[in-house]
Amino acid sequence: MKSYHLDRFKGITIAMYSCYDEQGNVSPEAARRLARHYADVGVSGLYVGGSSGEGMLQSASERKLTLEAAVQEVGRELTVIAHVGAPSTRESIELAKHAEEVGAHAVSAVPAIYYRLSPQSVERHWQAIIDSTSLPFIIYHIPQTTGFQLSKSLLVKMAAQDKVIGVKISAESTFELQQFKAAGGDDFLVLNGPDEQYLAGRSIGADGGIGGTYGVMPELFMQIERCFAEGKLEEARKWQFTVNEIITELLSFPSLYGACKAILKLRGLDIGEPRMPLLPVAETDMERVRALNEKILHYIAQV
Ligand SMILES: CC(=O)N[C@@H]([C@@H](O)[C@H](O)[C@H](O)CO)[C@@H](O)CC(=O)C(=O)O
């Protein structure tokens, strides 16, 4: 059995968006507002600095500012996981140590990006991060962006350590998710990444989910989770289909995060635009964004 309390990592964890001011600088104030909003909605946790958080587009000091703001605002109410993946192991270690200092509850990392890495390199990279703090560690498996395919054997080797408490799997195969769950064992968390498959992931063994589109409709994902936990599978499926209709529309914009941020802005939560090369919503698309926001609010009102 792991010596860490795993339940706190289950449920709905929001992959928090980046927060910038009008000049495009990281805004700790906006990060606090956004984190507070999610805590008030009642989600389980925040995943800070991941894909949705644009960690890879920010300097280490910017990432630290965002994490500090989130932990200070909601660290006593929510589980805060710091994504510390970076192009180099050295930078990831710096971020992991900082995450521990400021009170994050876990660290997580993708394999180092850009270079094609051997499994041995990735293992050494993750191990160096794990050894740099006393925090639990969650592997971030997202092969479609990193190009690294995590094998079951490496997963099993990593999961044998007390500190390695789980994997966030953003690959789209629910079969792989189930295989990782079986390989990791009962006290190893598997967290669903593709939001379109939240219910499928949960049904086949995921313990919860971490997702980017949760940020514009956390209530709907909490509803799927509630229905699933109560065994109301027909209802859970209905809500998953609703969510998928919304995600399909979100993905039709030139940038998913641009659309999500524009929606939050319409609701009074201005967290800036995505950072280039990610695109903001074009003025000509704003009518569509407004209609989508209305649709999401309509569904949220039915929960
Ligand atoms: C490939 C990818 O970016 N997947 C997203 C999903 O939330 C994704 O945006 C969603 O399912 C829409 O396709 C997450 O798994 C990533 C995530 O949680 C993060 O921001 O770190």
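Residues numbered from 1 in each chain as written. Predicted model: local features only at pLDDT ≥ 70, side-chain atom pairs only at ≥ 80, totals over all residues. Heavy atoms only, no water.

- By the naming in an unreviewed UniProt entry, the chain goes by N-acetylneuraminate lyase and is assigned to Gordoniibacillus kamchatkensis.
- According to its UniProt record, the chain has this under Sequence similarities (unreviewed entry): "Belongs to the DapA family." (UniProt positions renumbered as here; feature names shortened; annotations may be inferred.)

**Here's the deal with helix α10 (residues 233-250)**
- Relative to the 26 Å expected for 18 residues at 1.5 Å per residue, α10 spans 25 Å between its end C-alpha atoms, a close match to the ideal helical length.
- Listed in full, the buried residues belonging to α10 are A236, W239, Q240, T242, V243, I246, I247 and L250. The buried residues of α10 occupy one face: seen down the axis, they fall within an arc of 160°. Of the residues in α10, the exposed ones pointing more than 90 degrees away from the buried face are E234, F241 and T248. (Helix = DSSP H or I, 4+ residues; strand = E, 2+ residues; numbered from the N terminus. Expected span 1.5 Å × (residues − 1). Buried < 20%, exposed > 50% of the residue type's maximum accessible area, 1.4 Å probe, protein only. Arc of directions from axis to C-beta.)

**Points about the packing of aromatic side chains**
- This model, assessed by the stated rule, comprises six aromatic pairs.
- With a centroid separation of 5.0 Å and an interplanar angle of 80°, the aromatic rings of Y114 and Y115 are classed as edge-to-face. With respect to burial, Y114 and Y115 carry one shared label: exposed.
- Ring centres 6.2 Å apart and planes at 85° place the aromatic pair Y198 and Y214 in the edge-to-face group. Taken together, the positions of Y198 in helix α8 (residues 198-203) and Y214 in the loop between β8 (208-211) and α9 (218-229) put the pair 16 residues apart, joining distant regions of the chain. A single burial state applies to Y198 and to Y214, both of which are buried.
- Directly above the aromatic system of Y47 lies the positively charged group of K168, at a separation of 5.3 Å from the ring centroid. (Phe/Tyr/Trp six-rings, centres within 6.5 Å; stacked < 30°, edge-to-face > 60°. Lys NZ or Arg CZ within 6 Å of the ring centre and 35° of its normal.)

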